[in-house]
Amino acid sequence: MSLKSFDKFLENYILGQPNSKKEIMDERQKIARTQILAEALIIFSGLSFISNFVMDLWYRWAESYASPMLIFFMLCMIYFNIRCFAKGCLIGINGGKAIKFTGLYAIFMGGMMGAKYLFGNEEYRSLFADVRPTDDFCFIAAWILFVVYGVLTIIFAKADQKKKGDE
């Protein structure tokens, strides 16, 4: 029994049904994803700490403390996706149906929420106040980064599918 057919056997055994959306990862992928997740969380924590430290002691560069953290979070999600794709652990052994849905969902939600912030209220919203980005600017930037996350996810899923098709 080859390794590929053994993987297919395990996939059918674990899922129990052929069209399930459950993502199956092998042990190497689980370990790599956990390490990359720890890296992304450390980066997010570091960026948040440095931002809050600078805003508390020196220069308040944003309108609030929490809104820049949304941008940092989205940047760390994009970093996580890129690193997982580079390590080969973004998509499980049963294909990329779940990850494509995630990408499409991120694009849809990012577009809808970005449109809500851009065109939602009739009152004038400024993106900068006293040379500082406002909360509205940070929210719009976070939703744009969410769309970027979705587009990158779909690109990575298609690249992985093409790579597996070439093999």
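Look above for the structure.
Structure report, in brief.

Cut-offs applied
- Residues numbered from 1 in each chain as written.
- Predicted model: local features only at pLDDT ≥ 70, side-chain atom pairs only at ≥ 80, totals over all residues.
- Heavy atoms only, no water.
- Helix = DSSP H or I, 4+ residues; strand = E, 2+ residues; numbered from the N terminus.
- Contact = heavy atoms within 4.5 Å.
- Areas by Shrake-Rupley, 256 points an atom, 1.4 Å probe, with all protein chains shown as cover.
- Phe/Tyr/Trp six-rings, centres within 6.5 Å; stacked < 30°, edge-to-face > 60°.
- Buried < 20%, exposed > 50% of the residue type's maximum accessible area, 1.4 Å probe, protein only.
- Polar contact = N/O pair within 3.5 Å; in protein donor to acceptor, adjacent residues only side chain to side chain.
- Expected span 1.5 Å × (residues − 1).
- Salt bridge = Lys/Arg side-chain N within 4 Å of Asp/Glu carboxyl O.
- Patch = residues over 30% accessible without salt bridge, like charges linked within 9 Å, V, L, I, M, F, W, Y side chains within 5 Å.
- Axes fitted to C-alpha atoms, helices over the stretch in contact; angles between N-to-C directions.
- Parallel < 35°, antiparallel > 145°, perpendicular 65-115°, else oblique.
- Left-handed = near helix turned anticlockwise from the far one by under 90°.

1. Remarks on the overall build of the chain
When helices and strands are counted, the chain shows five helices and two strands. Listing each helix as α and each strand as β along the chain from the N terminus yields α-α-α-α-β-β-α. Long-range contacts, defined here as pairs at least 24 residues apart, represent 76% of the contacts in the chain between residues at least 6 apart. Carbon and sulfur atoms form 67% of the exposed surface of the chain, whose accessible area is close to 10,900 Å².

2. What about the packing of aromatic side chains?
Per the counting criterion, the structure on display carries seven aromatic pairs. Look at Phe44 and Phe73: their rings are 6.1 Å apart centre to centre, the planes differ by 80°, and that puts the pair in the edge-to-face class. Here Phe73 lies in helix α3 (residues 67-87) and Phe44 lies in helix α2 (residues 27-57), a separation of 29 residues in the sequence. Residue Phe44 is classed as partly exposed on the basis of its relative accessible area, which comes to 21%. Owing to a relative accessible area of 43%, Phe73 belongs among the partly exposed residues under this scheme. An aromatic cluster of three or more residues is present, and its members are Phe49, Phe53 and Trp58.

3. Remarks on the environment of Arg33
Note on placement: Arg33 falls in helix α2. Judged by its relative accessible area of 23%, Arg33 falls in the partly exposed class. For Arg33, the contacting residues outside a window of four places in its chain are Met25, Phe80, Cys84, Cys89 and Leu90. Within the local environment of Arg33, its side chain forms a polar contact with the backbone oxygen of Leu90, the two atoms lying 3.2 Å apart.

4. Points about α3
Helical geometry note: an α-helix holds 3.6 residues per turn, so side chains three or four residues apart project in the same direction. The end-to-end C-alpha separation of α3 is 31 Å, in line with the 30 Å expected for 21 residues at 1.5 Å each. Looking one or two residues past α3, Gly88 carries a phi angle of roughly 80°, positive in sign.

5. As for the pattern of salt bridges
Where charged atoms from two side chains of opposite charge approach closely, those side chains can pair. On inspection of all chains with the given rule, the structure shows two salt bridges. For Glu27, the salt bridge identified is with Lys30, shortest N-O distance 3.9 Å. Residue Glu27 and its partner Lys30 are both found in helix α2; the two are separated by three residues, about one turn of the helix. When its relative accessible area of 53% is taken as the criterion, Glu27 is described as exposed.

6. Quick word on a nonpolar patch on the surface
On the surface, Phe49, Ile50, Phe53, Leu57, Trp58 and Tyr59 cluster together into a nonpolar patch covering about 730 Å² of accessible area. Within the secondary structure, Trp58 sits in the loop between α2 and α3.

7. Quick word on the packing of α2 against α3
Two numbers describe how α2 lies on α3: the axes approach to 9 Å, and their chain directions differ by 155°. The orientation of α2 relative to α3 falls into the category roughly antiparallel. By crossing handedness, the relation of α2 to α3 is classed as right-handed. Contact residues: Arg28, Arg33, Ile36, Leu37, Glu39, Ala40, Ile43, Phe44, Leu47, Ser48, Ser51 and Asn52 in α2; Pro68, Met69, Phe72, Phe73, Cys76, Tyr79, Phe80, Arg83, Cys84 and Lys87 in α3.

8. Here's the deal with helix α4 (residues 97-119)
With 23 residues, α4 ought to run about 33 Å at 1.5 Å a step, and its terminal C-alpha atoms sit 33 Å apart, in line with that. Restricting attention to buried positions, one finds in α4 the residues Ile99, Gly103, Ala106, Gly110, Gly114 and Tyr117.

9. Let's talk about the environment of Arg28
Within the fold, Arg28 resides in helix α2. According to the relative accessible area criterion, Arg28 is partly exposed, its value standing at 45%. Residues within four places of Arg28 in sequence aside, it is in contact with Lys87 and Gly88. Among the polar contacts made by the side chain of Arg28, one reaches the main-chain carbonyl oxygen of Lys87 at a distance of 3.2 Å.

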